[in-house]
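Observations on the model geometry
Below are the chains, spelled out letter by letter.
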Number of protein chains: 2
Amino acid sequence: MNDVHLLLGVQLVKAYTGSMGIAERKERQRAELREQILRVARDIVVKEGFPALSMRKLADAVEYAPATLYLHFENREAIAKELCVRGFQELLAMLEPAAQVEDPLERLPKLAEAYVRFGMEHPETYRLIFMEDAKLSTALFGDHPEGPGPRSFGVLVQVFVDLLSAGRLEEGTKPEQLAEVLWAGVHGIVSLRLTCTGFPGTPADELTQVLVTTLVKGLPGLKAGRAQKKVR
Amino acid sequence: MNDVHLLLGVQLVKAYTGSMGIAERKERQRAELREQILRVARDIVVKEGFPALSMRKLADAVEYAPATLYLHFENREAIAKELCVRGFQELLAMLEPAAQVEDPLERLPKLAEAYVRFGMEHPETYRLIFMEDAKLSTALFGDHPEGPGPRSFGVLVQVFVDLLSAGRLEEGTKPEQLAEVLWAGVHGIVSLRLTCTGFPGTPADELTQVLVTTLVKGLPGLKAGRAQKKVR
DNA sequence: CGTCGTTCATGAACGGTGTTCACAAACCAC
DNA sequence: GTGGTTTGTGAACACCGTTCATGAACGACG
């Protein structure tokens with residue numbers, strides 16, 4: 001490789017790579033600007049929320065004219081979509097450690113806790129991914145089946161697949177359905193906390209525990225007794 | 001021109017109520033216009049979603065100048081807030097029949113089903129209430145403690161209060177926590193269906209059933225056995 | 001070295017948004 | 001009819017996302 005990332009070095013390379021070196025540099029600079037735009041955009045979203053991300057403000061922040069942004073992204077939504085993908089990758093990364101716990105029944109609460117924690121620690125990112133625009137989240141699952149979306153969901157499914165294949169769940173149980181229920185549960189917790197901020201409510205982590213233990217063991221000490229005379 | 005806006009019976013009333021009748025009429029007309037604005041706004045939201053509700057479009061639809069809207073509402077958000085309250089009242093109304101089932105264990109699935117059905121049948125209204133802006137949903141719970149928000153939540157709490165007071169739940173169980181978990185579950189189901197439209201997913205009503213039975217009875221046929229040798 | 005063609009960046013504009021405000025018209029009381 | 005209050009409005013302001021012709025920089029080539 002070339003020693004220095006200077007213009008000089010590039011032209012030396014060009015001496016024997018032909019015009020390829022200079023094209024490389026231009027490509028690298030292009031990618032770098034694209035990356036910078038995304039970095040700044042992320043900052044704005046995290047700090048002020050997605051609705052506050054305007055093309056003009058973003059252009060100002062990266063010190064380019066607004067029109068320049070359109071040389072690197074088709075439109076504002078394209079930027080949002082990219083931020084979504086990256087946010088979802090962060091979420092997946094947060095799930096990963098929990099996903100490696102061996103016993104599925106230990107793994108389950110850890111996954112749930114990690115999921116909720118991500119939502120509470122990155123509220124604006126979470127909002128962007130799941131609550132801002134249907135087109136964004138839809139793209140995460142519909143576009144390519146091996147993106148972070150389906151992969152994260154797969155992690156949840158795996159819990160129940162493992163339980164099932166170890167003979168610890170009733171046969172015929174559908175792991176995907178249980179995973180969906182779990183997902184709905186944790187998403188519900190995060191999502192309600194993020195929108196209905198005025199609600200009294202149990203702290204999110206405590207609520208997550210209740211959710212998981214209830215899903216696993218059912219209502220605590222439930223007596224199935226038939227309806228006696230009305231008590232209300 | 002003005003005979004369009006004129007209401008016939010009013011002048012008769014004025015004949016013996018003196019100047020009070022005319023003030024009444026004006027007040028009524030004022031309220032009527034306010035109501036019409038809200039009606040039209042609701043139509044737009046239901047048909048095209050809340051982001052498509054612009055003051056200019058709304059003004060056009062009610063055949064007034066945009067500035068006129070500000071004589072009846074402080075701003076766009078005030079309109080949204082009012083639509084939220086009314087939407088939530090609809091939701092509460094949908095819960096009401098289910099809420100009157102006597103046996104709490106029968107009531108629970110019916111409530112869940114009604115909640116989810118509302119979300120699926122009025123997606124844009126549901127979005128507006130719970131997913132559009134934190135300030136909106138927050139206001140529903142924080143502003144006045146006897147609005148449809150807290151009341152709806154109360155209906156969910158009642159299920160577990162009834163179970164508890166009938167001695168069918170372990171003592172020390174907190175009904176509010178269970179209600180929150182249930183709420184998070186159904187909200188999660190609706191909310192995921194509304195945003196991640198591309199997701200394969202079980203139909204919402206079926207998923208609701210799985211959620212409820214799992215919350216009540218726990219994982220189907222779960223064997224608590226300790227982790228055997230890894231199967232993965 | 002100069003010229004040419006491509007790439008990159010931009011200012012200005014278009015049509016949209018929420019909101020405000022000075023002004024005018026309608027209306028009722030006197 | 002006159003005055004005062006209510007009701008309605010057009011025009012403006014400051015934003016927004018997006019487009020497009022114009023211009024500048026730059027590498028390739030003669």
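An account of the accompanying structure is given in this report. None of these values were measured; they are calculated from a predicted model. Position numbers for residues start from 1 in each chain and track the written sequence from start to end. All chains are assigned letters beginning with A, and all ligands numbers beginning with 1, in the order in which they are written. Two thresholds apply to this predicted model, a pLDDT of at least 70 for residue-level local features and 80 or more for giving and counting side-chain atom pairs, whereas whole-chain, interface and lining totals are computed over all residues. Hydrogens are left out, water is left out, and the side-chain values use all remaining heavy atoms of the structure.

Whether a residue is near a molecule or strand depends on its heavy atoms: it is near if one of them lies within 4 Å of it. Looking at DNA strand C, there are 20 residues lining it, with Ala65 and Thr68 of chain A together with Arg25, Arg56 and Tyr70 of chain B nearest. Of all atoms in DNA strand C that approach within 4 Å of the protein, 56% are sugar or phosphate atoms. Polar contact criterion, stated in full: a pair of N or O atoms within 3.5 Å, where within protein one must be able to donate a hydrogen and the other to accept it, and residues adjacent in sequence count only if both atoms are side-chain atoms. One of the side-chain N or O atoms of tyrosine 70 of chain B is found 2.8 Å from a phosphate oxygen in DNA strand C. Take arginine 76 of chain B: an N or O atom from its main chain is 2.8 Å from a phosphate oxygen of DNA strand C.

A few words on the packing of helix H6 (residues 104-121) of chain A against helix H7 (residues 123-130) of chain A. Residues and elements named next belong to chain A. Lines are fitted to the C-alpha atoms to define the axes, a helix being fitted only along its stretch in contact, and any angle between axes, read from their N-to-C directions, falls within 0 to 180 degrees. Each helix is a run of H or I in the DSSP string that is no shorter than four residues. Each strand is a run of E no shorter than two, and both are numbered from the N terminus. It is the contact of H6 with H7, at a shortest axis distance of 5 Å, that shows an interaxial angle of 105 degrees. Between H6 and H7, the angle is such that the two are roughly perpendicular. On H7, the residues touching Tyr115, Phe118, Gly119, Met120 and Glu121 of H6 are Pro123, Thr125, Tyr126 and Phe130. Note on residue classes: Ala, Val, Leu, Ile, Met, Phe, Trp, Tyr, Cys and Pro are nonpolar, Asp, Glu, Lys and Arg are charged, and everything else, Gly too, is polar. Tallied by class, residues from the contact of H6 with H7 come to six nonpolar, two polar and one charged. Each angle is binned into one of four classes, with values under 35 degrees roughly parallel, values over 145 roughly antiparallel, values of 65 to 115 roughly perpendicular, and all other values oblique. Note on contacts: a residue pair qualifies if any of its non-hydrogen atoms lie within 4.5 Å across the two residues.

Next up on the list: the pattern of salt bridges. The working definition used for a salt bridge is a side-chain nitrogen of Lys or Arg within 4 Å of a carboxyl oxygen of Asp or Glu. What the rule picks out here adds up to 20 salt bridges over all chains. One salt bridge in this structure joins glutamate 35 of chain A and arginine 86 of chain A, with 2.5 Å as the shortest N-O distance. Pair noted here: glutamate 35 of chain A is in helix H2 (residues 20-48) and arginine 86 of chain A is in helix H5 (residues 76-99), with a separation of 51 residues, a long-range link. In this structure, glutamate 82 of chain B engages arginine 34 of chain B in a salt bridge whose closest nitrogen and oxygen atoms are separated by 3.5 Å. Taken together, the residues span a long stretch of sequence, with glutamate 82 of chain B in helix H5 (residues 76-99) and arginine 34 of chain B in helix H2 (residues 19-48) at a distance of 48 residues. Judged by relative accessible area, arginine 34 of chain B falls into the partly exposed class, the value being 29%. Among the ionic contacts, a cluster of salt bridges with common partners joins Arg34, Glu35, Glu82 and Arg86 of chain A. The buried label applies to any residue whose accessible area, calculated with a 1.4 Å probe on protein chains only, is under 20% of its type's maximum; exposed applies above 50%, and partly exposed to all values in between.

A separate point is the nonpolar core. Buried Ala, Val, Leu, Ile, Met, Phe, Trp, Tyr and Cys residues that are joined via side-chain atoms within 4.5 Å together make up what is termed a nonpolar core. Ranked by internal contacts, the top residues of the largest apolar core, which has 140 residues, are Leu58, Phe130 and Trp183 of chain A together with Leu58, Phe130, Phe160 and Trp183 of chain B. Excluding its chain neighbours within four sequence positions, the residues that come into contact with phenylalanine 160 of chain B are Leu219 of chain A together with Leu108, Leu169, Pro175, Leu178, Ala179 and Leu182 of chain B.

This brings us to the environment of threonine 173 of chain B. Among the secondary structure elements, threonine 173 of chain B is positioned in the loop between helix H9 (148-165) and helix H10 (175-195). Along the sequence, threonine 173 of chain B and phenylalanine 160 of chain B sit 13 residues apart, while their C-alpha atoms lie 8.9 Å from each other. Residues in contact with threonine 173 of chain B, not counting those within four places in the same chain, are Pro220 of chain A together with Leu164 and Leu178 of chain B. A polar contact is formed between the side chain of threonine 173 of chain B and the backbone oxygen of glutamate 170 of chain B, at a distance of 2.5 Å.

Pairing of aromatic rings covers Phe, Tyr and Trp, the last through its six-membered ring, and needs centres within 6.5 Å; plane angles under 30 degrees mean stacked, over 60 mean edge-to-face, and all others mean tilted. Applying the stated criterion across every chain, the model contains 14 aromatic pairs over all chains. Judged by centre distance (5.9 Å) and plane angle (85 degrees), the rings of tyrosine 115 of chain B and tyrosine 126 of chain B are edge-to-face. Highlighted residues: tyrosine 115 of chain B in helix H6 (residues 104-121) and tyrosine 126 of chain B in helix H7 (residues 123-130), separated in sequence by eleven residues. Here tyrosine 126 of chain B falls in the buried class, since its relative accessible area comes to 0%. A connected cluster of aromatic rings, assembled from ring pairs, spans Phe88, Tyr115, Tyr126, Phe130, Phe141, Phe153 and Trp183 of chain A. Criterion for a charge above a ring: Lys NZ or Arg CZ within 6 Å of the ring centre, and within 35 degrees of the ring normal. Arginine 76 of chain A extends its terminal NZ or CZ atom over the ring of phenylalanine 50 of chain A, reaching a point 4.2 Å from the ring centre.

Before going further, it helps to spend a moment on the state of the cysteines. Counting rule for disulfides: a pair of cysteine sulfur atoms within 2.5 Å. Scanning all chains against the criterion turns up zero disulfides over all chains. Considering cysteine sulfurs only, cysteine 196 of chain B is the nearest to cysteine 84 of chain A, which forms no disulfide, with 9.7 Å between them. Owing to a relative accessible area of 0%, cysteine 84 of chain A belongs among the buried residues under this scheme.

With that settled, the discussion passes to the interface of chain B and chain A. Many structure descriptions define interface size as the accessible area lost when the parts assemble. Listed as interface residues are 73 residues of chain B and, on the opposing side, 72 residues of chain A. Buried surface at the junction of chain B and chain A, summed over both partners, amounts to about 5,900 Å²; 61% is from carbon and sulfur atoms. At the surface where chain B touches chain A, the tally comes to two salt bridges. If you look at where chain B meets chain A, you find 22 residue pairs in polar contact (both at pLDDT 80 or more). The greatest single-element share of the side of chain B that touches chain A, amounting to 15 residues, is contributed by H10 of chain B. A per-class count over the side of chain B that touches chain A returns 32 nonpolar, 22 polar and 19 charged. As used here, buried area is the combined drop in accessible area, with a 1.4 Å probe, of two parts when they are placed together.

Here we come to the protein's contact with DNA strand D. Neighbouring residues of DNA strand D: 20 residues in total, closest Met55, Arg56, Tyr70 and Arg76 of chain A together with Thr68 of chain B. Here the atoms of DNA strand D within 4 Å of the protein split so that 57% fall in sugar or phosphate, with bases taking the remainder. At 2.9 Å from a phosphate oxygen of DNA strand D is found a main-chain nitrogen or oxygen belonging to arginine 76 of chain A. At 2.9 Å from a phosphate oxygen of DNA strand D is found a main-chain nitrogen or oxygen belonging to alanine 65 of chain B. The set of elements that each furnish at least two residues to the surface near DNA strand D consists of H2 and helix H3 (55-62) of chain A together with helix H4 (66-69) of chain B. For the surface near DNA strand D, the class distribution of residues is nine nonpolar, five polar and six charged.

Without other data, these values stay purely geometric and don't point to any function.
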